[in-house]
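# Descriptive structure summary
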Amino acid sequence: MQLGIIGLGRMGGNIARRLMKDGHSCVVYDRSQEAVDALAKDGATGAKDLKDLAAKLQAPRAVWVMLPAGQPTEETVLALGDILQAGDTVIDGGNTFYKDDIRRAKALKEKGLTYLDVGTSGGVWGLERGYCMMVGGDTEAFERVEPVLKTLAPGLGSIPRTKRPEGSDPRAELGYIHAGPVGAGHFVKMVHNGIEYGLMQAYAEGFDILRNKDSKDLPEDHRFELNLADIAEVWRRGSVVSSWLLDLTASALAGDVKLEKFTGAVADSGEGRWTIEAAIEEAVPTEVLSSALYARFRSRQEHTFGEKLLSAMRFGFGGHTEFMTKG
């Protein structure tokens, strides 16, 4: 299938590469000509601007926008609305706020365009591991781009299969779902990221407790000098708290048990806040998720070992840099 891709950063570039490896054709654009040239060397067709990208795609077109949420995505989607033709599809694969999806889809529908919101998880490892995708939007548009989704998804892999009821949608096992109407994909991904905050905070606090077990404030016979790297590694082997986040933790600690290259100033990219806002709207208690978000706010003022570990995990799975304080 032919797909246009706008935004060739950490994820957008690898999405194009994974698709091309499976025989799909990609027309790519980025403000960085260097990024476009790099993908062109890998087999993509480069475009000089949005109009050029649209001209190089066959109708009905499908264009995947992989840009930071907010103004960059807003401006690009609006511009595509003026460039594309009726029957074309705009796909937002970033971390857009789901209410913005609903608003944009209505505007595009007036021009005969369809809109899909794709909550995309996989970070910088997606090229190798595949991407978990939660899609919102029109069923016909979803099915039209499904060849792309199937290639990007991880597939069954080697994890044990769940005993699911007869008639269950098999695509969930492959790593992608049609979550519902426009906005549903990013809403599910938003909550996914809110949960991620809580999981990461639990690991960070637990390892901080382990690290401080040799504190001079404790009775001498109660102090333990624990090997955090070994603990992280052994927990990966058959433990009920094993996970990919723990894998990343073990890798970070094996490389630098003191995490000296991290300050512990932990950024939040928006989804955690939106998850708490949704919980308030629905009157759903979220003590763990809200506390995890507030811990990130506090991390920018004082830094603990646990917060350095949060930064290490975020860098490990997404290449995310730390929050830079002013001054």
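Scroll up to find the structure.
It is worth spelling out the sheet that holds strand β3 (residues 45-46) at this point. Strand order in this open sheet of 8 strands is β3-β2-β1-β4-β5-β6-β7-β8, and the pairing throughout is mixed. Of all the strands in the sheet, the pair left with one neighbour each is β3 and β8 (176-180). Pairing of strand β2 (residues 25-29) with β3, which is carried by 2 bridges, proceeds in the parallel orientation. By the bridge assignment, Val27 is partnered in β3 with Thr45. The strands touched by helix α10 (residues 184-211) within the sheet are β5 (89-92), β6 (114-121), β7 (132-137) and β8, with β6 carrying the most contacts at an inclination of about 20°.

In terms of residue burial, β2 counts as a mostly covered element, since 4 of its 5 residues are buried. For strand β1 (residues 2-6) and β2, the ladder comprises 5 bridges, and the chain directions are parallel. When the bridges of β2 are listed, Gln2 appears paired with Ser25. Each parallel crossover has a hand, and for β1 linked through helix α1 (residues 12-21) to β2 it is right-handed. After leaving β2, the chain enters helix α2 (residues 33-41) and then returns to the sheet as β3, a path that is right-handed.

What follows concerns the nonpolar core. Ile5, Val28, Trp64 and Met133 are the most contacted members of the largest nonpolar core, which totals 31 residues. Ranked by the residues each element gives to this core, the list is headed by α1, at 4 residues. In this structure, Met200, Leu246, Ala252 and Leu253 belong to the second largest nonpolar core, which totals 24 residues.

For the rest of this paragraph, the subject is unusual backbone geometry. In the segment running from Ala59 into Pro60, the intervening peptide bond is cis, with an omega of -5°. Looking at the secondary structure, you find Pro60 in the loop between α3 (50-55) and β4 (62-65).

Here α10 crosses helix α15 (residues 305-318) at 135°, and the two axes come no closer than 8 Å. Here α15 runs oblique to α10, going by the angle between their axes. Between α10 and α15 lies a crossing of right-handed hand. Only Phe305, Gly306, Leu309, Leu310, Met313, Arg314 and Phe317 of α15 make contact with α10, whose side of the interface consists of Glu196, Met200, Gln201, Tyr203, Ala204, Phe207, Asp208 and Arg211. Of the residues that constitute the contact of α10 with α15, the class distribution is 9 nonpolar, 2 polar and 4 charged.

All right, on to the packing of helix α4 (residues 71-83) against helix α5 (residues 98-109) then. Between α4 and α5, whose axes approach to 10 Å, the crossing angle comes to 15°. Between α4 and α5, the crossing angle belongs to the class labelled roughly parallel. As α4 runs across α5, the sense of the crossing is right-handed. Where α4 approaches α5, its residues Thr73, Glu74, Val77 and Gly81 are matched on the opposing element by Arg103, Arg104 and Leu108. For the contact of α4 with α5, a count of residues per class yields 2 nonpolar, 2 polar and 3 charged.

A few words now on the pattern of salt bridges. Side-chain pairs of opposite charge can arise whenever the charged atoms involved come near each other. The tally for this structure, following the rule as stated, stands at 18 salt bridges. Connected via shared salt-bridge partners are Glu74, Asp92, Asp100, Arg103 and Arg104.

Reading the values: rules and limits
Residues numbered from 1 in each chain as written. Predicted model: local features only at pLDDT ≥ 70, side-chain atom pairs only at ≥ 80, totals over all residues. Heavy atoms only, no water. Pairing = 2+ DSSP bridges. Helix = DSSP H or I, 4+ residues; strand = E, 2+ residues; numbered from the N terminus. Contact = heavy atoms within 4.5 Å. Axes fitted to C-alpha atoms, helices over the stretch in contact; angles between N-to-C directions. Buried < 20%, exposed > 50% of the residue type's maximum accessible area, 1.4 Å probe, protein only. Right-handed = clockwise from strand over helix to strand, strands pointing away. Core = buried A, V, L, I, M, F, W, Y, C linked by side-chain atoms within 4.5 Å. Parallel < 35°, antiparallel > 145°, perpendicular 65-115°, else oblique. Left-handed = near helix turned anticlockwise from the far one by under 90°. Nonpolar A, V, L, I, M, F, W, Y, C, P; charged D, E, K, R; others polar. Salt bridge = Lys/Arg side-chain N within 4 Å of Asp/Glu carboxyl O.

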